[in-house]
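Residues per chain, in single letters:
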Amino acid sequence: GGWTGQAHAGRYGRPPGFFELFGDRGAVMGNADLVKETGRNLDGGVVYHGVPAPSGVQLAEVVFYDNEVDDLIRFIQNSQRVSRPHNIGRARLRGIETRARGVIGRHLHLEGSYAVQSAENRSPFSFEHGNDLPGAPRRQLRGRVGVDAGHAALHYEMSHESRHFLDRANLQPVPARTVHTLGARLPVNDTVTVAAEIRNLTDNQVADLWGYPLPGRAAFLAIDLDLSLSGN
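What about the environment of Asn170?
Then comes step 1: Position of Asn170 among the secondary structure elements: in the loop between strand 8 (164-165) and strand 9 (173-174).
Then comes step 2: Separated by 43 residues in the primary sequence, Asn170 and Phe127 place their C-alpha atoms 9.2 Å from one another.
Then comes step 3: For Asn170, the contacting residues outside a window of four places in its chain are Asn131, Asp132 and Phe165.
Then comes step 4: At 3.3 Å, the side chain of Asn170 forms a polar contact with the backbone oxygen of Asp167.

This is how it looks when you write it as structure tokens:
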């Protein structure tokens, strides 16, 4: 347990992958003209690991990063909801990522993460220079609260992403989205466990990172059967 500091610096090169080169012949088209992306990465931060205990902070982490990339490969949505990867001449990504996890009073489990970033397009073309990179929300928040109430367990989750864009000119925005989830798990006996969950609790009409609509309010019910045999 305790605090640890880390920092990294390096240069890298990444060739395009098969999915980026060839797509899936459906909603994603490949681009065989892609070239590898290269860049330099800098990051540093601190992380805290708590000692094993029934209550307290188990993990806390803060990381800063500053990356400059040439020929960055990004998926950009074309007409008719079809995405295709392109090389973006130059880009800079800077941000802070945080996460934490802990337990209060043995029964209340908390965990969450928050990231804020500036993902800037530094291409020399005037219509896109200084814009946000496609598919790069400036803020992302995740949180989960779990309650261990004896045999039963309850949980609540929330995720939020700020507005982002599908194109390099930042003319096709995807609105910010917030999704809430509520669930429970109850062992009926040694063999049967029932779990229920409601996702998108507020029936928020939102889209994913690629701009496709996500389901509205949805309910799920699961029954787990443990039929394992044990003998002496």
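Some points on the nonpolar core
Then comes step 1: Core analysis: the biggest nonpolar cluster contains 9 residues, these being Tyr65, Val69, Leu72, Ile88, Ala91, Leu93, Ala119, Leu133 and Ala136.
Then comes step 2: Elements that contribute at least two residues to this core include exactly strand 3 (56-77) and strand 4 (83-104).
Then comes step 3: In contact with Leu133, not counting residues within four places along its chain, are Leu72, Arg74, Ile88, Ala91, Leu93, Ala119, Glu120, Asn121 and Phe165.

Some details on the sheet that holds strand 4
Two orientations exist for strands paired in a sheet by backbone hydrogen bonds: parallel and antiparallel.
Then comes step 1: Taken together, 10 strands build an open sheet; the order of strands is 1-2-3-4-5-6-7-10-11-12 and the sheet is antiparallel. Here the strands that pair on one side only, and so sit at the sheet edges, are strand 1 (2-14) and strand 12 (218-225). Across this sheet, the average inter-strand angle for adjacent strands is 10°, counted without regard to direction.
Then comes step 2: Relative to strand 11 (residues 192-199), strand 10 (residues 177-187) runs antiparallel, the two sharing 7 bridges. Paired with Ala184 across the bridge in strand 11 is Ala196.

Examining the packing of aromatic side chains
Then comes step 1: Applying the stated criterion across every chain, the model contains 4 aromatic pairs.
Then comes step 2: Arranged with centres 5.1 Å apart and planes meeting at 45°, the rings of Trp3 and Tyr48 form a pair that is tilted. Taken together, the residues span a long stretch of sequence, with Trp3 in strand 1 and Tyr48 in strand 2 (residues 37-49) at a distance of 45 residues.
Then comes step 3: The exposure class of Trp3 is exposed, given its relative accessible area of 61%.
Then comes step 4: Here the aromatic rings of Phe125 and Phe127 are separated by 6.2 Å at their centres, their planes lie at 35°, and the arrangement is tilted.
Then comes step 5: Accessibility expressed as a relative area gives 53% for Phe127, which makes it exposed.
Then comes step 6: One residue, Arg199, lies across the ring of Phe220, its end atom 4.3 Å from the ring centre.

Calculation rules
- Residues numbered from 1 in each chain as written.
- Predicted model: local features only at pLDDT ≥ 70, side-chain atom pairs only at ≥ 80, totals over all residues.
- Heavy atoms only, no water.
- Helix = DSSP H or I, 4+ residues; strand = E, 2+ residues; numbered from the N terminus.
- Contact = heavy atoms within 4.5 Å.
- Polar contact = N/O pair within 3.5 Å; in protein donor to acceptor, adjacent residues only side chain to side chain.
- Core = buried A, V, L, I, M, F, W, Y, C linked by side-chain atoms within 4.5 Å.
- Buried < 20%, exposed > 50% of the residue type's maximum accessible area, 1.4 Å probe, protein only.
- Pairing = 2+ DSSP bridges.
- Axes fitted to C-alpha atoms, helices over the stretch in contact; angles between N-to-C directions.
- Phe/Tyr/Trp six-rings, centres within 6.5 Å; stacked < 30°, edge-to-face > 60°.
- Lys NZ or Arg CZ within 6 Å of the ring centre and 35° of its normal.

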